[in-house]
Amino acid sequence: MIQDKIDRYTAEIKAFATGKADELEAFRIKFLGTKGLIKNLFEEFKTVSPEEKRTFGKVLNEFKQFAEAKYQDLKEQFDSQPATESSQLDLTLPGDGMAVGSRHPLSLVRNEIVDIFKRLGFVVAEGPEIEDDWHNFSALNFPEEHPARDMQDTFFIKKGAGNDIALRTHTSSVQVRMMEAGKPPFRAIMPGRVYRNEAISARAHCFFHQVEGLYVDENVSFSDLKQTLYHFVQELYGEGTQVRFRPSYFPFTEPSAEMDVSCTICKGAGCNMCKYSGWVEILGCGMVDPNVLENCGIDSKKYTGFAFGMGIERITNLKYVIRDLRLFSENDVRFLGQFQTEVI
Ligand code: DAH
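Residues numbered from 1 in each chain as written. Predicted model: local features only at pLDDT ≥ 70, side-chain atom pairs only at ≥ 80, totals over all residues. Heavy atoms only, no water.

**Let's talk about the domain arrangement of the protein**
Interfaces are frequently sized by the accessible area removed from exposure as the parts join. Domain boundaries assigned for the protein yield domain 1 (2-81) and domain 2 (105-336). When each unit is reduced to the centre of its C-alpha atoms, the spacing between domain 1 and domain 2 is 84 Å. (Domains from an automatic or database assignment.)

See the structure below:
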């Protein structure tokens, strides 16, 4: 009888497996508990004949050890796992989704601008952010006493006789590098970060981003400039966006203009963004001054060109209505997460 039970229990214990702590505890109570089956067997054992005692004493003890070993084995599995609720883990559940980043709004808009010009055959060029006086100012026809060279605007790194080193104040410096290094025709778009010595506020920052454009070839005219920028604006802000050019002044272009577009927010009806004028300025432009071409070793009798420059923050504001420039550089994911999600 005892042997029968031992055989049955042994089979049951061998077959027992669990990943759950409460099941293991039930197992322990059933077999090893103070009122468990093994305890009962020992009680029963007391009542058998001395002969049987000799036969079963050893068997019973071995069986008890076997049951205890099995329990210890299973228990160790749990102990080697992290303590909490590990027994409750459901390994069939799907994993947590991986958070996917999003492009910075300025990168989105820069890419959009660059793509539009790429489709027109412009190549992308870049230049250094630490620039010398020649590339940032002199070659671009800035007079010696021009206020933009002043300490108030420019972060100088090193003042030297005639060749200061500074953080570039605009991406126009890349025009110079490009023209010095190659031969016309040039058709390039040049995105990058620029620096100005300004107090940081909602409306000004000590660094921001620009995209410069340059087109130099034989017979390039102001009408090419107008048509190119008109097309750009239709692509960027949609068909039907109006443009207007206002005469302006830049040392490196002659003639120079500023271009306005019909307000992208109110479509010209008048709103906060356009200060109720219906128009917003988005870029400066003009025909490359012959002095600039000559400074870069290009024959200004043979070649003409146009150039333009725009602030990416401004173009972005006109798309997303961002009222505080500081948001662009604070890296608050609540802000950054609102823009297009990167698709990997
Ligand atoms: N460099 C000018 C600025 O930072 C922008 C600019 C105006 C660039 C006219 C140009 C241009 O190439 O033709 O304000």
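**Re the side chain of Q175**
Tracing the backbone through its elements, the reader meets Q175 in helix α7 (residues 172-181). Classification of Q175 as buried rests on a relative accessible area of 1%. (Helix = DSSP H or I, 4+ residues; strand = E, 2+ residues; numbered from the N terminus. Buried < 20%, exposed > 50% of the residue type's maximum accessible area, 1.4 Å probe, protein only.)

**Quick word on unusual backbone geometry**
With an omega of 0°, the peptide bond between P184 and P185 qualifies as cis. Inspection of the secondary structure assignment puts P185 in the loop between α7 and β5 (186-195). Going from E254 to P255, the amide bond is cis rather than trans, its omega being -5°. A positive phi is found at N141, a non-glycine position, where the angle reads about 75°. Note on N141: relative accessible area 24%, which makes it partly exposed.

**Section: the packing of helix α1 (residues 2-15) against helix α3 (residues 37-46)**
Relative orientation and spacing of two packed helices are given, respectively, by the angle between their axes and the distance between those axes. Contact pair α1 / α3: the axes reach a minimum separation of 11 Å and the direction vectors enclose 165°. One finds that α1 runs roughly antiparallel with respect to α3. The handedness of the crossing between α1 and α3 is left-handed. Of the residues in α3, those in contact with I2, K5, I6 and Y9 of α1 are L37, L41, E44 and F45. (Axes fitted to C-alpha atoms, helices over the stretch in contact; angles between N-to-C directions. Parallel < 35°, antiparallel > 145°, perpendicular 65-115°, else oblique. Left-handed = near helix turned anticlockwise from the far one by under 90°. Contact = heavy atoms within 4.5 Å.)

**Some words on the pairing of strand β9 (residues 279-288)**
Within β9, eight of the ten residues are buried, leaving the element largely enclosed by the surrounding structure. Bridge analysis of strand β8 (residues 253-262) against β9 gives eight bridges, and the strand direction is antiparallel. Across the sheet, T253 pairs through a bridge with V288, a residue of β9. Pairing analysis gives five bridges linking β9 to strand β10 (residues 304-311), with the strands arranged antiparallel. Counted as the bridge partner of C285 is F308 from β10. (Pairing = 2+ DSSP bridges.)

**So, the nonpolar core**
Core analysis: the biggest nonpolar cluster contains 43 residues, and I113, F117, F232, I282, F308 and M310 have the highest contact counts within it. When residues of this core are traced back to their parent elements, those giving at least two are α5 (105-119), β6 (207-217), α8 (222-237), β8, β9, β10, α10 (312-320) and α12 (333-336). A total of seven residues in this core trace back to one element, the largest contributor, which is α5. Counting 22 residues, the second largest nonpolar core, distinct from the first, contains L140, M190, L214 and V216. (Core = buried A, V, L, I, M, F, W, Y, C linked by side-chain atoms within 4.5 Å.)

**A look at the sheet that holds strand β3 (residues 156-158)**
On the basis of which strands lie adjacent, the open sheet formed by three strands has the order β2-β4-β3 and antiparallel pairing. For this open sheet the edge positions go to β2 (130-132) and β3, each flanked by a neighbour on one side alone. With direction set aside, neighbouring strand axes in the sheet form an average angle of 35°. Alignment of β3 against strand β4 (residues 165-167), held across two bridges, turns out to be antiparallel. If you follow K158 over to β4, its bridge partner there is I165.

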